[in-house]
Amino acid sequence: MILDYATLKLCWFFIIGVLLIGFAITGGSDLGVSALLAPMGKNDSERRVILNSIGPAWEGNQVWFILTVGAIFAAWPFAYAAIFSSLYFLFFLLLIPLILRPPGLDYRSKLKNSTWRTFWDYSLFFSGFLPIFLFGVMIGNLFLGIPFYYDDTLLPHATQAFFSLFTPYTLLLGTVCASALLLQGVLFLQSKTEYVLCQRAKCIAQILGSLFIITFPIAWYWTLYDIPGFAIISMPASNTSMTPVAKEVIHAIGLWQTQYKTFSVGYFIPVIPLFSTLIAILFSTFNCAKLALFSSSLAIAALMITWGFTLFPFILPSSTIPSHSLTLWDATSSPLTLSWMLGVTILFLPIVLCYTLWAFRVMRGKVTEASITEKNHSY
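Residues numbered from 1 in each chain as written. Predicted model: local features only at pLDDT ≥ 70, side-chain atom pairs only at ≥ 80, totals over all residues. Heavy atoms only, no water.

## A short note on the pattern of salt bridges
Selection criterion: Put simply, a salt bridge is a Lys or Arg side-chain nitrogen that is within 4 Å of an Asp or Glu carboxyl oxygen. Counting from the N terminus, the helices are DSSP H or I runs at least four residues long and the strands are E runs at least two residues long.
Following the criterion strictly, the structure yields seven salt bridges and no others. As a salt-bridge pair, Glu-46 and Arg-200 come within 2.8 Å of each other at their nearest N and O atoms. Taken together, the residues span a long stretch of sequence, with Glu-46 in helix 3 (residues 44–54) and Arg-200 in helix 9 (residues 195–225) at a distance of 154 residues. As a salt-bridge pair, Asp-121 and Arg-47 come within 2.8 Å of each other at their nearest N and O atoms.

Have a look at this one:
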């Protein structure tokens, strides 16, 4: 084994972070567009243009989501078991709109009946907005801690009621996430459309960007200074196998500042999403949609890095028994599993990246009503 166990654990923390960023940037754009379908499209022709802007790419974007879930299952089996049992109903609520997306996109334009199309239009709005909002709610609950614990056989037990997942703090995190991904979607739409839709997208981008610039600093300050955080005070050697209950964790206000106090450069990371979003708004205002989209993508990546940096090394904190929290040190698979997975990832992740870039290059260009009629698109 070339890398030691501790290094492998760190590698997989960063790899899963990269996969989450990839999904947020690519999947966030088409989820954002879906959420904007009803409010932005004022008639059937405009809505068909909006749908065809993401039509060729949305299925490929979901690859990042599948890769992320698969990687968590293989690399962090303890976390996979605990999070899906603790947040079972929240994930179920998340799956409902995701299930509605494929039939909405595939069948919406099969009939010309206005009632039929309106039903699918609002289903697609629901299937776009709810997931990106719930992603933020999930992140908020990670910072608050998930009420779960392990019994003597290391079986996780959840103790949280469904409605307790929705608090002012988690709803604020949901707003931060939704505004960032909706901005990504509207800028993607601005880059793919012309005339009225393009101008409408530009106006909405300014509103969404401003909302993110207002809400994100509030959420960041609230996280660091007003909610109880988690910190490890003792644990076995990071290079060894350990159980999730073999460490000691404290839970108190201000502990989410631990990483920032250790690495003061971390205070500059949250500035990046704010600055990038501001630049994205400016580029959008001057009709530089592709540069605006790039800046928005950078803001999303920096936002995810901010969350990961603040949580490190925690993956799934436990508010019931803090010492049962899951971290990258004790939630991982065996060294052999991580080594084989790392080799496969090094081989195939660049292929996925290259294919994604190639697909977007092939499908570049504007979508217009004329092109839809001419090519007989089905969306």
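There's more to say after this.
## Focus: the packing of helix 1 (residues 5–35) against helix 13 (residues 335–362)
Threshold: To obtain an axis, a line is fitted to C-alpha atoms, over the contacting stretch when the element is a helix, and the angle between two such axes runs from 0 to 180 degrees between their N-to-C directions. Reported orientations rely on four angle classes, namely roughly parallel under 35 degrees, roughly antiparallel over 145, roughly perpendicular from 65 to 115, and oblique for the rest. Note: crossing handedness is left-handed where the near helix turns anticlockwise from the far helix by less than a right angle, and right-handed where it turns clockwise. Residues count as neighbours in contact if any of their non-hydrogen atoms are within 4.5 Å of one another. All amino acids are sorted into three groups, where Ala, Val, Leu, Ile, Met, Phe, Trp, Tyr, Cys and Pro are nonpolar, Asp, Glu, Lys and Arg are charged, and the leftover types, Gly among them, are polar.
Packing of helix 1 against helix 13 brings their axes to within 11 Å, and their N-to-C directions diverge by 30°. Judged by the inter-axis angle, helix 1 sits roughly parallel to helix 13. Taken as a pair, helix 1 and helix 13 cross one another with a handedness that is left-handed. Contacts between helix 1 and helix 13 involve Tyr-5, Leu-8, Lys-9, Trp-12, Ile-15, Leu-19 and Thr-26 from the first element and Pro-335, Leu-338, Ser-339, Met-341, Leu-342, Thr-345, Leu-349 and Thr-356 from the second. Of the residues assigned to the contact of helix 1 with helix 13, the class counts are 10 nonpolar, four polar and one charged.

## With respect to the nonpolar core
Heads up, the rule is: For the purposes of this section, nonpolar cores are sets of buried Ala, Val, Leu, Ile, Met, Phe, Trp, Tyr and Cys residues that join through side-chain atoms within 4.5 Å. For each residue, the accessible area found with a 1.4 Å probe, counting protein chains only, is set against the maximum for its type, and the residue is called buried under 20%, exposed over 50%, and partly exposed in between.
Counting 97 residues, the largest nonpolar core has Trp-12 and Val-186 as the members making the most contacts within it. Looking at this core element by element, the count peaks at 14 residues for helix 8 (residues 168–192). With sequence-adjacent residues up to four places away left out, Val-186 is seen in contact with Leu-36, Met-40, Ala-201, Ile-204, Ala-205 and Leu-208.

## Section: the environment of Ser-297
Mapped onto the elements, Ser-297 comes out in helix 12 (residues 289–311). A residue is classified by how much of its surface remains accessible, and Ser-297, at 13% relative accessible area, is buried. For Ser-297 and Leu-183, which are 114 residues apart along the polypeptide, the C-alpha to C-alpha distance reads 9.6 Å. Leaving out residues up to four positions away in the same chain, Ser-297 has contacts with Ile-25 and Gln-184.

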